[in-house]
Amino acid sequence: MTQPQLSEKVRELIQKARIVSFATWQNTHPAEAIQLFQAADDQGRYLTDEDLQHIQRLVSVSTALVAVSQKLRDRVHEIVDEARSQVLATFPNITQPGGGLYPAMRADACWRDFWHFLRCITYGIAGQHTDYTSTEGLHYMQLLYQELQVPLDAMVVGLEGIKNASLKRVEPEQQAIVAPYFDHLIEELKQFR
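Presented here is a report on the structure given in the accompanying data block.

The rules behind these values
- Residues numbered from 1 in each chain as written.
- Predicted model: local features only at pLDDT ≥ 70, side-chain atom pairs only at ≥ 80, totals over all residues.
- Heavy atoms only, no water.
- 1 Å grid on protein atoms, 1.4 Å probe; cavity = no way out; pocket = protein on both sides within 12 Å on 5 of 7 lines; lining within 4 Å.
- Points joined across faces, edges and corners; volume = space filled by probe spheres on them.
- Helix = DSSP H or I, 4+ residues; strand = E, 2+ residues; numbered from the N terminus.
- Nonpolar A, V, L, I, M, F, W, Y, C, P; charged D, E, K, R; others polar.
- Salt bridge = Lys/Arg side-chain N within 4 Å of Asp/Glu carboxyl O.
- Contact = heavy atoms within 4.5 Å.
- Polar contact = N/O pair within 3.5 Å; in protein donor to acceptor, adjacent residues only side chain to side chain.

**Concerning the layout of surface pockets**
In this structure, the largest pocket spans a volume of roughly 870 Å³. Secondary structure elements with two or more residues in the lining of the largest pocket: helix H1 (8-16), helix H2 (31-42), helix H6 (104-127) and helix H7 (135-148). When residues of the lining of the largest pocket are assigned to their parent elements, the largest contribution, 10 residues, is made by H6. Taken together, the residues of the lining of the largest pocket sort by class into 18 nonpolar, four polar and seven charged.

Following this line, the structure appears as structure tokens:
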């Protein structure tokens, strides 16, 4: 089965829908540290152990939060699986014909977005900034989701599922510290409705 071609408009929106921004981090992070975060984002990957160690040498960030970022990165597939299960339980027909995540390639794109959402959240956690999003990038993501008719209610449920699954993997005393990083993106996504 061949994949349908994305329209020029959709391809353009995908390029512009970069939801992370480190623009407000200059007061707390040296340029070298910001470059490490930016390089990971440009490559669409999680921060490596080497990145995180380098960041810790450059910035006085909480070792505990760096460890949380690593733990979530290392368990991303379990976390996304739990979030996917929550979406499917809440919207049982969403992947069936007529559902918002049908055909399978639409569902796969949704689960991929979950992976990327958690990636962005881990940048905020590792950098100790809940303001890790780009207003412009989120605007283009909203336009992209409208163009593709992404089921926003399901995406919010999925992001809440990512938060719940992630917090289960964090020490109880750290949950209240880490939760706002998830809440920030959840609130931004709720604005899309």
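Still more ground to cover, so stick around.
**Looking at the pattern of salt bridges**
Using the criterion set out here, one finds 19 salt bridges in the structure. Across the salt bridge formed by Arg84 and Asp81, the nearest N and O atoms sit 2.0 Å from each other. Here the residue Arg84 and the residue Asp81 both occupy positions in helix H5 (residues 76-90), the gap between them amounting to three residues, near one helical turn. With a closest N to O distance of 2.8 Å, Glu82 and Lys168 form a salt bridge. Taken together, the residues span a long stretch of sequence, with Glu82 in helix H5 and Lys168 in the loop between helix H8 (152-167) and helix H9 (172-190) at a distance of 86 residues. Through salt bridges with shared partners, a single network forms among Arg75, Glu78, Glu82, Lys168 and Arg169.

**A look at the environment of Asp131**
By the element assignment, Asp131 lies in the loop between H6 and H7. The contact partners of Asp131, leaving out residues within four places of it in the chain, are Ser21, Thr24, Trp25 and His184. A polar atom in the side chain of Asp131 sits 2.8 Å from the side chain of Thr24. Within the structure, Asp131 has its side chain in polar contact with the side chain of His129 (distance 2.8 Å).

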